[in-house]
Each structure stands twice: as C-alpha cells, then as structure tokens.
Amino acid sequence: MKTKALLINAIIATIYVVLTLSLAFISYGAVQFRVAEMLNYLVVFNKKYIPGIVGGVVISNLWSPMIQYDMIFGVGQSLLSLIIAALIIKNMKNIWLKMTIVLIIFGLSSALIAWELLLAFDLPFWAGYVSVAVGEVTVLLIGMPIMVALDKKLHFSERIEG
C-alpha cells in the first residue's frame, strides 16, 4: 500500500474510532446506532478504503463490553460485507444504487451480529437480528445523503489514489 493510501486509511480508522467512542452509549450492545458505520459507504468510492474502515472497527471493538465476541463477529461482519460489496458494485456507475447495495449487504449481514448476541447473551436470534439490523439500516439511510454531500466536497475516489 502506498504511503498516501496508508495515511488516509489511518485517518479513516481514527474518525471511525472517535465517532464510535464519543457515542459509546449507542455504539455497543443489542440495540446500537453506530454512527461510524456510515463510513462503510467509502467502499462505494474506492475499495482502498476497506483497511481504514476495518481498522476502525478493530480499534473501536477494543472498548466493547463483548470484546472477545466483537473481535470475531463484528470485525468479521465488517470485512466480509465490505469485500462482498466491493465485488458486487465494482462495475456499477450509479452511486445511489451502489449505496443501496451496501445498505442491503450490511442489513443482511447483521445476522452475524445476531448470532454473536445469541452466543454472548442468549438473546433470541430474531430479536437480536431485528434490533441490530434496524440500527444499522437507520444509520446507513441517514448516512447516504451525508456521504454523497461529503464526496462533492472531498472527492473520495480521487483522494486515496496516487
């Protein structure tokens, strides 16, 4: 990875951690609205953002009350979802369609976190899935126009290149 991409990914990871920890009261647990999850949309602009996003998840999960589970399920869900999204949207042009696909993938993959909650707290799978998926989808719906607006100012696609 080039120095510029490495530095930008470190900044993305830092932003993810700051957003998660500053809003820790809603970032962890069975009902969560992890605002930093809107950074998942960076994969829409360039797959080179994946290490920064996943790095942010790893560091943020060091403060999780379920650290041993979140390091496997939370990090795994993020990495798997981002890779799947990058592969599916690779040749698409419409940014809103790409973002919708990312939203759907993360909504569906919330099942992995529901499985985590089942193992950690014996929370019924479907109750866990609904609570996590609603939070994830809500944050991503709110994040869609925010990330598009930020891209108009920051030009995410070009920022991490060269």
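Just so it is clear, the model here is predicted, and its values are computed rather than measured.

Caption draft 1: Looking closely at the overall build of the chain. Along the chain, the regular secondary structure elements total eight helices and zero strands. Listed N to C, the secondary structure of the chain is α-α-α-α-α-α-α-α in terms of helices and strands. Projected onto the principal axes, the alpha-carbon positions of the chain cover approximately 45 × 30 × 25 Å. The burial tally for the chain puts 46% of its 162 residues in the buried class. Within the chain, counting contacts between residues at least 6 apart in sequence, those at least 24 apart form 69% of the total. As displayed, the chain offers around 8,200 Å² of accessible surface, 74% of which is attributable to carbon and sulfur atoms.

Caption draft 2: Local environment of the environment of asparagine 40. Here asparagine 40 shows up in the loop between helix H2 (24-27) and helix H3 (42-45). By relative accessible area, asparagine 40 is classed as buried at 0%. Here the alpha-carbon distance between asparagine 40 and leucine 82, two residues 42 residues apart in the chain, equals 7.2 Å. Discounting residues that sit within four places of it in the chain, asparagine 40 has contacts with Ile53, Leu82, Val102, Phe106 and Glu136. A polar contact is formed between the side chain of asparagine 40 and the side chain of glutamate 37, at a distance of 2.8 Å.

Caption draft 3: View of the side chain of aspartate 70. Looking at the secondary structure, you find aspartate 70 in helix H5 (residues 67-89). One buried charged residue, aspartate 70, forms no salt bridge at all, with the nearest opposite charge on arginine 34 at 4.9 Å. Beyond its immediate chain neighbours, meaning those up to four positions away, aspartate 70 contacts Asn61, Ser64, Val75 and Glu116.

Caption draft 4: Region of the structure containing helix H6 (residues 95-121). The end-to-end C-alpha distance of H6 is 38 Å, a good match for the 39 Å that 27 residues give at a rise of 1.5 Å each. When the local axis directions of H6 are compared, the greatest deviation, roughly 25°, occurs at leucine 108. Sitting at the amino-terminal end of H6 is asparagine 94, which places a side-chain oxygen 2.8 Å from the backbone nitrogen of tryptophan 96. Taken from the residues just after H6, aspartate 122 is the one with a positive phi, measuring 60°.

Caption draft 5: Structural view of the nonpolar core. Within the largest apolar cluster, 35 residues are counted, with the highest numbers of intra-cluster contacts made by Tyr41, Leu42, Tyr49, Met99, Val102 and Met147. Counting only elements with at least two residues in this core, the list comes to helix H1 (3-22), H3, helix H4 (50-61), H5, H6 and helix H7 (125-154). Setting aside anything within four residues of it in sequence, one finds tyrosine 41 in contact with Met99, Val102, Leu103, Leu140, Leu141, Gly143, Met144 and Met147. Counting residues in each nonpolar core, the second largest holds five residues, with Met66, Phe73, Ile113 and Leu117 among its members.

Caption draft 6: The side chain of glutamate 116, seen in detail. Looking at the secondary structure, you find glutamate 116 in helix H6. Here glutamate 116 occupies a buried position and makes no salt bridge, while the nearest side chain of opposite charge, arginine 34, is found at 8.2 Å. Reaching out from glutamate 116, the side chain makes a polar contact with the backbone nitrogen of aspartate 70 at a distance of 3.3 Å.

Caption draft 7: Region of the structure containing the UniProt feature "transmembrane region" (unreviewed entry) in the chain. If you check UniProt for "transmembrane region" (unreviewed entry), the listed places come out as residues 6-28, 72-89, 101-121 and 127-150 in our numbering. In residues 101-121, the share of helix is 100% and the share of strand is 0%. The end C-alpha atoms are 30 Å apart.

Caption draft 8: Expanded view of H1. Between its terminal C-alpha atoms H1 stretches 28 Å, which fits the 28 Å expected from 20 residues at 1.5 Å a residue. Within the sequence span of H1, burial applies to Ala5, Ile8, Asn9, Ile12, Ala13, Tyr16, Val17 and Thr20. Those residues of H1 that are buried are in contact with H2, H3, H4 and helix H8 (156-159).

Reading the values: the criteria
- Residues numbered from 1 in each chain as written.
- Predicted model: local features only at pLDDT ≥ 70, side-chain atom pairs only at ≥ 80, totals over all residues.
- Heavy atoms only, no water.
- Helix = DSSP H or I, 4+ residues; strand = E, 2+ residues; numbered from the N terminus.
- Buried < 20%, exposed > 50% of the residue type's maximum accessible area, 1.4 Å probe, protein only.
- Contact = heavy atoms within 4.5 Å.
- Areas by Shrake-Rupley, 256 points an atom, 1.4 Å probe, with all protein chains shown as cover.
- Polar contact = N/O pair within 3.5 Å; in protein donor to acceptor, adjacent residues only side chain to side chain.
- Lys, Arg positive; Asp, Glu negative; His and termini not counted.
- Salt bridge = Lys/Arg side-chain N within 4 Å of Asp/Glu carboxyl O.
- Expected span 1.5 Å × (residues − 1).
- Bend = angle between axes of the 7 residues up to and from the residue.
- Core = buried A, V, L, I, M, F, W, Y, C linked by side-chain atoms within 4.5 Å.
- UniProt positions renumbered as here; feature names shortened; annotations may be inferred.

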